[in-house]
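Inside the fold
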Amino acid sequence: MRDLFDSTREEAQKELEFLARRIRELDVAYHQKDSPLVTDAEYDALKRRNDALEKLYPELIRDDSPSKRVGMTAADDFSKVTHTVPMLSLGNIFTKDDVYAFMEKIRRFLGLPETEEIEMVAEPKIDGLSFSAVYEKGFFKVGATRGDGSIGEDITANLKTIKEFPQELKKQNSDGTVFIPDLIDVRGEVYMSKQDFFDLNKSQEEKGGRVFANPRNAAAGSLRQLDPQITQTRHLSLFAYACGQVHSIHWETHSQFLDYLKKWGFPVNPEIKICKTADDLVSFYENMMEKRSSLPYDIDGVVYKVNRLDLQNRLGFIARSPRWAIAHKFPAEQAITRLNKIRIQVGRTGALTPVADLEPINVGGVVVRHATLHNSDEIERKDIREGDFVVIQRAGDVIPQIVKTLPEKRSADSRPFVFPTVCPVCGSHAQKEGEDAVIYCTGGLVCPAQVQEGLKHFVSKEALNIEGLGDKNISLLFELGWIRNAVDLFYLEEKHGSELMARDGWGVKSAHNLFEALNRVKKGVPLDKFIYALGIREVGEVTARLLARNFISFENLRSQMRTEKAFDILTHIEGIGPVMAEYIADFFSESHNEILLDQLVQIIHIEPYEKKAGRITELTGKTVLFTGTLQNMTRSEAKSKAISAGAKVVSGVSSKTDYVVAGSDAGNKLSIAEQLGVPIITEDIFNQMLDDL
Ligand code: IVH
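Residues numbered from 1 in each chain as written. Predicted model: local features only at pLDDT ≥ 70, side-chain atom pairs only at ≥ 80, totals over all residues. Heavy atoms only, no water.

**Things to note about the overall build of the chain**
Along the chain, the regular secondary structure elements total 25 helices and 28 strands. Projected onto its principal axes, the C-alpha positions of the chain cover 80 × 75 × 65 Å. Within the chain, the fraction of its 693 residues that count as buried is 46%. A separation threshold of at least 6 residues defines the contact pool for the chain, and within that pool the share at least 24 residues apart is 67%. By element, 50% of the accessible surface of the chain is carried by carbon and sulfur atoms, the whole surface being about 35700 Å². (Helix = DSSP H or I, 4+ residues; strand = E, 2+ residues; numbered from the N terminus. Buried < 20%, exposed > 50% of the residue type's maximum accessible area, 1.4 Å probe, protein only. Contact = heavy atoms within 4.5 Å. Areas by Shrake-Rupley, 256 points an atom, 1.4 Å probe, with all protein chains shown as cover.)

Structural data, given as structure tokens:
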């Protein structure tokens, strides 16, 4: 009896440990990453199970028990903000005819003759999240999401972390004093630029964090963070385009209002145009459609607004949308096509990544042939099978995704996809590692795919940047047996130079360029680039830089990694966790890597890390403004020097400005600085202050 009791207790202990970890993981996914891993019911069941076990064995309640955790604030825990003027939505139209009909309806409603022009403002419809920001006497007070239109979530602290977001409305600009309403609720869209989205996903991938499906989700996941410090690390941007409640209006048209927004310091979309006729609106739409892919942010349509506020007031609202504005949406970038095959790619780390080969299809102007499937769990969860018809979606420039499969269109002999248990390239055993959903090939250097991917990484732009060695060429040289590892690259000219020049599709010039690029690398490579190039698992550009900064030289890094303390040394570095530390330490202790590194350090000059950022100068942490013409450098040069010395460069002078650098012919800003008592310095003094302390 006693034995049984003990073992049950032991089991309970183990299960409680598991539950604590699992529930924490689910909490983080749900609350911090906006990406639930299980259904609410499944989550609740785990919590109930935890509670029941704790009731049975109160002595086993852990310090980190989910029942004790109150601090894990839920998304529901954002305080609520009631919008004084509701945040409405817009009606949608989809065709050119709809545009003419919309204008006709307005004209009829207002009883205006054909001859009278109704001026419109056309704007891109930014694909982000709308925000409301209330300013009292020009100072930012409360920020909120749209929520259900009447009540939103308080994101005051989060908005403050956005660089472009004005915490104070500018009262002065080059034209003089700007009117500031006693109270105004400025509205607009928070978004993430395509570039920042790619960068974020890249670093998330490196950190093993959540990868976002599109910039909109990334913006939402970044803004709706209970911890504004997380928001701060994400690059968010915004455009202002409307207002809610406002005390005393000093403008008669929407376009005049947009001018005020600009004067107050808000980013206003530069594509916005005044249109005189419905034809103008249609050409704006067509023009934006063409421009769409080259814009730095995602848009999902355009918005037309009646310019005159008196007409807007007369038009009023239908249900929850204004009669004076409408969204003209771009065609949805979704399509249905057949999934011909699920192909398994083997990455540099041995990760087996499933890719869907699709029947080519045009989605929003781009032919899509492949879609990402992420991992085996995703295939299982969505029950995606070869031969299925699937709904695919292309969001901006992102790799297309499979939204869902259409099981009703399946043939009778359809079978669930069975994920391979061996590597499709080298036949080595494939398995999951840890709690990761990814399955890895265990072949290591035996696996040609891993080796080739490693080489591609080694020469890639972000690593050693060896031009002329694209993926195809790496595969070719690998298959020829000319390059089997990174060292072979540097013997290519000596051993196979003439053969290469004689090859079809190569020629003397391209071979020459390649050899030159390789020779450039031999002469010198920054330490962080070299570390990144090694392709150590989990070590992305950020970690590579971190290692470079901490160890300064490659020699030092290697010798420290050879000691027994390697793991401890690494985990003491802020930003390196135990998993990463293990991968790094393992990398340097493997004998085949040692042999390779011994050779590489003979061939390549690895430049010691130069501390660029983090310099301490008199300008570090100071707010600086430039005005007038500088003698020995351009304005942008001066700005970048100031920034690299740790200063913040601003364009509007205020009492918070620490220094105004005045060149010749300085104007208004100089006199404001004088009035405010801000220290004014010359270009020479500025130069002196740039010196390291
Ligand atoms: S005006 C009363 N202008 O679209 C109308 N909205 O479907 C207020 N949006 O919730 C909105 N770009 O999040 C307006 N240039 C723009 C916009 C825009 C994006 C979003 C906004 C709104 C939704 C309406």
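Following the structure, the description resumes.
**A few points about the packing of aromatic side chains**
Per the counting criterion, the structure on display carries 21 aromatic pairs. Taken together, a centroid distance of 5.5 Å and an interplanar angle of 50° make the contact between Phe 197 and Phe 198 tilted. Given a relative accessible area of 1%, Phe 197 falls into the buried group. Classification of Phe 198 by relative accessible area gives partly exposed; the value is 36%. (Phe/Tyr/Trp six-rings, centres within 6.5 Å; stacked < 30°, edge-to-face > 60°.)

**Focus: the side chain of Lys 194**
Structurally, the position occupied by Lys 194 is in helix 5 (residues 194-207). A polar atom in the side chain of Lys 194 sits 3.0 Å from the backbone oxygen of Ser 293. Of the polar contacts made by the side chain of Lys 194, one reaches the backbone oxygen of Leu 295; its length is 2.9 Å. (Polar contact = N/O pair within 3.5 Å; in protein donor to acceptor, adjacent residues only side chain to side chain.)

**Considerations on the site of the ligand**
Near the ligand you find Leu 90, Glu 123, Pro 124, Lys 125, Ile 126, Ser 130, Glu 189, Tyr 241, Val 303, Lys 305 and Pro 322, and these make up its full shell. In the model, a nitrogen atom of the ligand is placed 3.3 Å from a nitrogen or oxygen of the Pro 124 main chain. Between an oxygen atom of the ligand and a side-chain N or O atom of Ser 130, the distance comes to 3.4 Å. Within the complex, 86% of the 530 Å² of free accessible area of the ligand lies under protein. Put simply, the parts of the chain that give the shell around the ligand at least two residues each are strand 3 (120-126) and strand 12 (299-306). Sort the elements by how many residues they give to the shell around the ligand and strand 3 lands first, with four residues. Looking at the shell around the ligand, its residues break down into six nonpolar, one polar and four charged. (Near = heavy atom within 4 Å. Nonpolar A, V, L, I, M, F, W, Y, C, P; charged D, E, K, R; others polar.)

**Considering the packing of helix 21 (residues 578-589) against helix 22 (residues 591-603)**
Two elements in contact, helix 21 and helix 22, have axes separated by 5 Å at closest approach and are oriented at 70°. Classed by the angle they form, the pair helix 21 and helix 22 counts as roughly perpendicular. Residue-level inspection shows Phe 587, Phe 588 and Ser 589 of helix 21 in contact with helix 22, the latter providing Ser 591, Asn 593, Glu 594 and Leu 597. (Axes fitted to C-alpha atoms, helices over the stretch in contact; angles between N-to-C directions. Parallel < 35°, antiparallel > 145°, perpendicular 65-115°, else oblique.)

**What to know about the confidence of the model for the chain**
Counting all residues, the mean pLDDT for the chain is 88, and 94% of those residues have values of 70 or more. Counted against residues more than four places away or in other chains, residues 1-5, with its pLDDT under 50, gives one contact. Taken together, the stretch residues 70-75 has pLDDT below 50 and engages in 14 contacts with residues farther than four places along the chain or on a different chain. (pLDDT = per-residue confidence, 0-100.)

**With respect to the pairing of strand 12**
Among the eight residues in strand 12, eight count as buried, and that is most of the element. With seven bridges joining them, strand 3 and strand 12 adopt antiparallel strand pairing. Each bridged residue has a counterpart across the sheet, and for Met 120 the counterpart in strand 12 is Val 306. Summarising the sheet, strand 12 and strand 15 (residues 325-329) pair through five bridges and their orientation is antiparallel. Across the sheet, Tyr 304 pairs through a bridge with Ile 326, a residue of strand 15. (Pairing = 2+ DSSP bridges.)

**Comments concerning helix 8 (residues 254-264)**
Regarding helix 8, the residues found buried are His 254, Ser 255, Phe 257, Leu 258, Tyr 260, Leu 261 and Trp 264. At its buried positions, helix 8 is contacted by strand 3, strand 9 (183-191), strand 10 (237-246), strand 11 (273-275), strand 12 and helix 10 (309-315). One or two positions beyond helix 8, positive phi appears at Gly 265, with a value near 110°.

**Section: the nonpolar core**
The biggest cluster of nonpolar side chains holds 59 residues, and the ones touching the most others in it are Leu 570, Ile 584 and Ile 604. Formed by 39 residues, the second largest nonpolar core is a distinct cluster that contains Ile 162, Phe 197, Leu 258 and Leu 309. (Core = buried A, V, L, I, M, F, W, Y, C linked by side-chain atoms within 4.5 Å.)

**Details of the environment of Arg 338**
Relative to the helices and strands, Arg 338 resides in strand 16 (residues 334-346). Taking C-alpha positions, Arg 338 is 5.8 Å from Leu 358, a pair spaced 20 residues apart along the chain. Residue contacts for Arg 338: discarding those within four places in its chain leaves Asp 357, Leu 358, Glu 359, Gly 387, Asp 388 and Phe 389.

**Brief notes about the pattern of salt bridges**
Counted according to the given criterion, the structure contains 30 salt bridges. In this structure, Glu 462 and Lys 202 form a salt bridge, with 4.0 Å as the shortest nitrogen-oxygen distance. Residue Glu 462 is found in the loop between helix 12 (448-459) and helix 13 (471-479), and its partner Lys 202 is found in helix 5; the two are separated by 260 residues along the sequence. By relative accessible area, which is 29% here, Glu 462 ends up partly exposed. Exposure remark for Lys 202: the relative accessible area of 32% places this residue in the partly exposed category. With its nearest N and O atoms 3.9 Å apart, the salt bridge here joins Arg 562 to Asp 598. (Salt bridge = Lys/Arg side-chain N within 4 Å of Asp/Glu carboxyl O.)

**Some words on the sheet that holds strand 10**
Across the sheet, four strands lie side by side as 5-4-9-10; this open sheet has antiparallel pairing. The sheet is open, and its two edges are formed by strand 5 (139-145) and strand 10, each paired on a single side. Pairwise comparison of adjacent strand axes, ignoring direction, gives a mean angle of 30° for this sheet. Looking at chain direction, strand 4 (residues 129-136) and strand 5 are connected through six bridges and run antiparallel. Bridged to Ser 132 within strand 5 is Ala 144. The strands that helix 6 (residues 215-223) touches are strand 4 and strand 9; relative to strand 4, the one it contacts most, it runs at about 40°. Set on the sheet, helix 8 makes contact with strand 9 and strand 10; between it and strand 10 the angle comes to about 120°.

**Notes on unusual backbone geometry**
Despite not being glycine, Glu 538 shows a phi value in the positive range, around 75°. Along the chain, Glu 538 falls in the loop between helix 17 (527-533) and helix 18 (541-551). Although it is not a glycine, Asp 665 adopts a positive phi angle of roughly 55°. Along the chain, Asp 665 falls in the loop between strand 27 (659-662) and helix 24 (668-676). With relative accessibility at 73%, the residue Asp 665 sits in the exposed group.

**Examining the sheet that holds strand 26 (residues 648-650)**
Within a sheet, neighbouring strands are paired by backbone hydrogen bonds and run either parallel or antiparallel to one another. If you walk across this open sheet you meet the four strands as 26-25-27-28, and the pairing is parallel. With partners counted over all chains shown, the strands left at the sheet margins are strand 26 and strand 28 (680-681), one partner each. Direction of pairing for strand 25 (residues 623-627) relative to strand 26: parallel, over a ladder of three bridges. Across the sheet, the residue bridging to Thr 623 is Lys 648, located in strand 26. Packed on one face of the sheet, helix 23 (residues 635-644) meets strand 25 and strand 26 and runs near 170° to strand 25.

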